[in-house]
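Examination of the molecular architecture
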Amino acid sequence: MLYSKEEILETIKMINLENLDIRTITLGISLLDCIDADPQNAVAKVKEKIQRTASGLLPSARHLERKYGIPIVNLRISLTPLSAIIAAPVRGMNQAEALTFCDDFAGELDRACQEMGVDLVGGYSALVHIGLTFAEEVLIHSLPAVLSSTSALCASIQVATTVSGINMDAVRTMGEIVKQISERTEKGSGCARLVVLCNAPENIPFMAGAFHGFGNPETVINIGISGPGVIKSALQSQRGLPLQDLAQEIKRRAFKITRVGELIGREMAEALHTRLGAVDLSLAPTFKVGDSVAEILEAMGIEKVGAPGSTAALALLTNAVKMGGAMATSAVGGYSGAFIPVSEDVGMVAAAASGALSLEKLEAMTSVCSVGLDMVAIPGDTTAETIAGLIADEMAIGVMNNKATGARLIPVPGARAGERVEFGGLFGSTVVMPVNPFSSRDFIRRGGTFPPPIHSIRN
Amino acid sequence: MKDKELAIITVMGRDRPGLVAGISRVLADHQVNIEDISQTILQEMFSMILIVDISACQTSFEALQEALAQEGNSLGVKVLMQHKKIFDFMHRI
C-alpha cells in the first residue's frame with residue numbers, strides 16, 4: 001500500500017478522536033491604500049477592499065475542509081492597525097467627533113465582516129510602545145464604546161518592545177480602559193476582545209492580537225493550528241518515560257500537526273491568489289476535555305497545573321513543540337509557543353478552581369510559553385492601577401526576555417474570587433481568580449518610560 | 001491518459017455482508033477505480049481502507065463524498081474520504 005494502515009489510521013484518529021483541527025485561517029489585508037481624509041470615503045474604501053479581497057475565504061475553507069476531512073474552526077481577517085487608517089479622517093476633529101467617527105467605523109467593519117461569514121476581525125489596533133499620536137489616543141479611548149457595540153471586532157494595543165522598553169503611561173491608561181470596558185459589557189466579556197501586547201509579531205493568526213503588520217504584502221494567509229489532544233494521547237501511554245524521550249514523542253506529533261497547517265495554508269493561499277505568510281506552531285486549546293494544554297502537563301506527571309514543576313513541564317512542552325513544528329513548515333510565525341488561556345482550557349479552569357493554580361504561578365508560566373496572562377477573569381472590584389500593575393509585570397517579562405507577551409484580563413463586574421463565569425463559544429467559561437490585595441498604585445502613577453534592557457543594544 | 005488523482009477512503013463500523021459490494025458499487029457508478037484495499041481493526045472497530053483514483057470521476061469531490069456517506073448510512077458504517085495529499089504531508093518528508 002502507498003501508506004501503511006497505521007499511518008492512515010493515525011491521521012483518522014487524530015482528527016476524529018483527538019480533536020486535531022485547523023483553529024483558524026486568518027487572511028491579512030493591508031488597508032494602506034484605503035487611507036482617505038474624507039471620513040465617509042475612508043469607511044467605504046475599507047469595506048469595499050475587505051469585501052473584494054475576502055469573498056473567497058468562506059467557500060474555499062469549506063472546500064478544503066471536505067477535501068482533507070479536517071475541521072477548520074474559525075475564519076478570521078486581520079487588518080492594518082486601524083490607528084493608521086483613521087489618522088487622516090480624524091485630523092481636525094475634536095475628541096468627541098473623533099470618538100463618534102471611530103464608533104461608526106468600527107460598527108460598519110464589524111457588520112461587513114460578519115456578513116461574509118468571518119468569525120473575528122483583528123486590527124482595531126495601535127502600536128504605542130514609544131508614544132501616542134492623536135489618532136492612537138482616540139482609538140484607545142474609543143475602545144469601551146467600540147467593544148461594547150461590536151461582537152466580532154478584536155483590538156490590540158502594543159505598549160512595550162524590548163528595543164523601546166515599556167510605555168508606562170500607556171500601561172496606566174490601559175488599566176483604566178480595561179476597567180471601563182468591563183463595566184460596559186456583560187460579565188466584562190468585551191475585555192476578551194482586547195489584548196495588551198509586548199513585542200507583537202506582525203503575522204499572528206490568533207485573536208485578539210492579530211493585525212496585518214506594516215511589513216506585510218497586500219494580503220497574506222496565516223494559519224493557527226490546534227492539537228493539544230494529539231500530544232496528550234501520545235504521552236498518556238508513556239508513563240515513566242524519561243523526559244528526553246517524552247520530548248521526542250512531542251516533537252514527532254507536533255511535526256505532523258504542523259504539516260496539516262502547512263498544507264491547508266498553502267492551498268488556501270493558492271485559492272485566494274496570495275501567499276502563505278505564517279504557520280503559528282502554538283497548540284491552541286478549546287474548551288472541551290481532550291483539547292487542553294493543561295491536560296498535557298498533567299499527562300506528563302503534574303498532578304494539577306500550578307503544582308511545583310508546572311513551569312518546567314510547560315517549558316519542555318513549548319520547546320519540543322517548536323522543534324517539531326519548525327521542521328514542518330517553511331513559514332514559522334505568529335506566537336509559536338503553547339497557549340494557556342485560562343477560560344479556554346478546561347484543565348486550566350479546573351486547576352484555578354481547585355486552588356492549584358494562582359495568578360502568580362500563571363505569570364511565572366507565561367515566561368516560558370506564549371502568550372501571557374490570557375483570558376484571566378479577575379474580581380470586578382480590582383482597581384485600574386492593579387490591572388495596570390498586572391499588565392506591567394507581563395510586559396516586563398516580554399521586554400526582558402525578548403519575547404512576545406500579552407495581557408487579556410477580564411474584570412467581571414460584581415464577581416468575587418472563586419465565582420464561576422460563562423463567556424460562551426471559543427471564549428469558554430472560567431472561575432474568577434483572586435488578585436494579590438496589595439497595591440502598586442504609586443509605582444503605576446509615576447508613569448513615564450520603563451527603559452529598555454541593556455541587551456536590546458545589539459548593534 | 002490523465003494523471004492519477006488519489007484519495008483515501010476509510011470505512012469504519014461493524015463488519016457485515018455487502019459492505020465491500022456497496023462501497024464498490026458507488027465507486028464504480030462514479031468511474032472511480034480502486035487501486036488498493038485492506039482491512040484492519042481500529043479500537044475494536046472494523047475498518048476498511050481503500051486507495052482510489054478519482055481522476056476520471058464524473059462528479060465533484062464533494063458529490064462523491066456525499067454519495068459514499070449515504071451508502072455508509074444505509075450500511076450502518078461511517079465512510080470518510082480524504083484527498084491523498086494530507087497523508088503525504090503528515091507521513092512523508
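All of the points below concern the structure found in this document.

This part is about the overall build of chain A. Check the secondary structure of chain A and you find 15 helices and 14 strands. By the compact-globule yardstick of 23 Å for 459 residues, chain A fits well, its C-alpha radius of gyration being 21 Å. The dimensions of chain A, computed from C-alpha atoms along their principal axes, are 70 × 55 × 50 Å. With 459 residues in all, chain A has 58% of them scored as buried. Taking all contacts inside chain A whose residues are at least 6 apart in sequence as the whole, residues at least 24 apart take part in 81%.

The subject of this paragraph is the interface of chain B and chain A. You'll often see interface size given as the accessible area lost when the parts meet. With 21 residues of chain B at the contact, the number on the chain A side is 19 residues. Breaking the side of chain B that touches chain A down by element, the ones donating at least two residues are strand 1 (6-13), strand 2 (33-42), strand 3 (45-53), helix 2 (61-75), strand 4 (77-83) and helix 3 (85-91) of chain B. With 6 residues, the top contributor of residues to the side of chain B that touches chain A is helix 3 of chain B. When the residues that make up the side of chain B that touches chain A are grouped by side-chain class, the tally is 10 nonpolar, 8 polar and 3 charged.

What follows is about helix 5 (residues 95-115) of chain A. All names here are of chain A. The first and last C-alpha atoms of helix 5 sit 30 Å apart over 21 residues, in line with the 30 Å expected at 1.5 Å per residue. Three or more residues of helix 5 are buried, namely A98, F101, C102, F105, A106, L109, D110, A112 and C113. Around the axis of helix 5, the buried residues are gathered within 165 degrees of arc, so they sit on the same side. Along helix 5, exposed side chains directed more than 90 degrees from the buried face belong to A96 and E115. For helix 5, the elements touching its buried residues are helix 2 (39-54), strand 2 (72-79), helix 4 (82-90), strand 3 (120-127), helix 6 (134-149) and strand 4 (153-161). Looking at the residues trailing helix 5, positive phi occurs at G117, about 85 degrees.

Comment: phi is negative for the bulk of residues other than glycine, and the bulk of peptide bonds are trans. With an omega of 10 degrees, the peptide bond running from M207(A) to A208(A) counts as cis. Mapping A208(A) onto the fold places it in the loop between strand 6 (194-198) and strand 7 (219-226). Residue S370(A) is joined to V371(A) through a cis peptide bond whose omega torsion reads 5 degrees. One can find V371(A) in the loop between helix 13 (359-365) and strand 10 (372-379). Positioned with a positive phi, K187(A) is a non-glycine residue whose angle comes to about 55 degrees. Looking at the element boundaries, K187(A) is found in the loop between helix 7 (168-184) and strand 6. A residue is classified by how many C-beta atoms lie within 10 Å of it, and K187(A), with 20 of them, is buried. Its identity is not glycine, yet Q31(B) carries a phi of approximately 60 degrees, on the positive side.

In this sheet, strand 3 of chain B lies alongside strand 1 of chain B in antiparallel orientation, the contact comprising 8 bridges. Each bridged residue has a counterpart across the sheet, and for M12(B) the counterpart in strand 3 of chain B is S47(B).

Turning next to the environment of G418(A). Residue and element names in this part refer to chain A. With respect to the helices and strands, the residue G418 is situated in the loop between strand 11 (405-412) and strand 12 (420-422). A C-alpha to C-alpha distance of 49 Å links G418 and A37, two positions 381 residues apart in sequence. Ignoring any residue separated from it by four or fewer positions in sequence, one finds G418 in contact with V431 and V432.

Cut-offs applied
Residues numbered from 1 in each chain as written. Chains lettered and ligands numbered in written order. Predicted model: local features only at pLDDT ≥ 70, side-chain atom pairs only at ≥ 80, totals over all residues. Helix = DSSP H or I, 4+ residues; strand = E, 2+ residues; numbered from the N terminus. Rg over C-alpha atoms; globule rule 2.2 N^0.38 Å. Buried ≥ 20, exposed ≤ 12 C-beta atoms within 10 Å, placed from the backbone. Contact = placed C-beta atoms within 7 Å. Nonpolar A, V, L, I, M, F, W, Y, C, P; charged D, E, K, R; others polar. Expected span 1.5 Å × (residues − 1). Arc of directions from axis to C-beta. Pairing = 2+ DSSP bridges.

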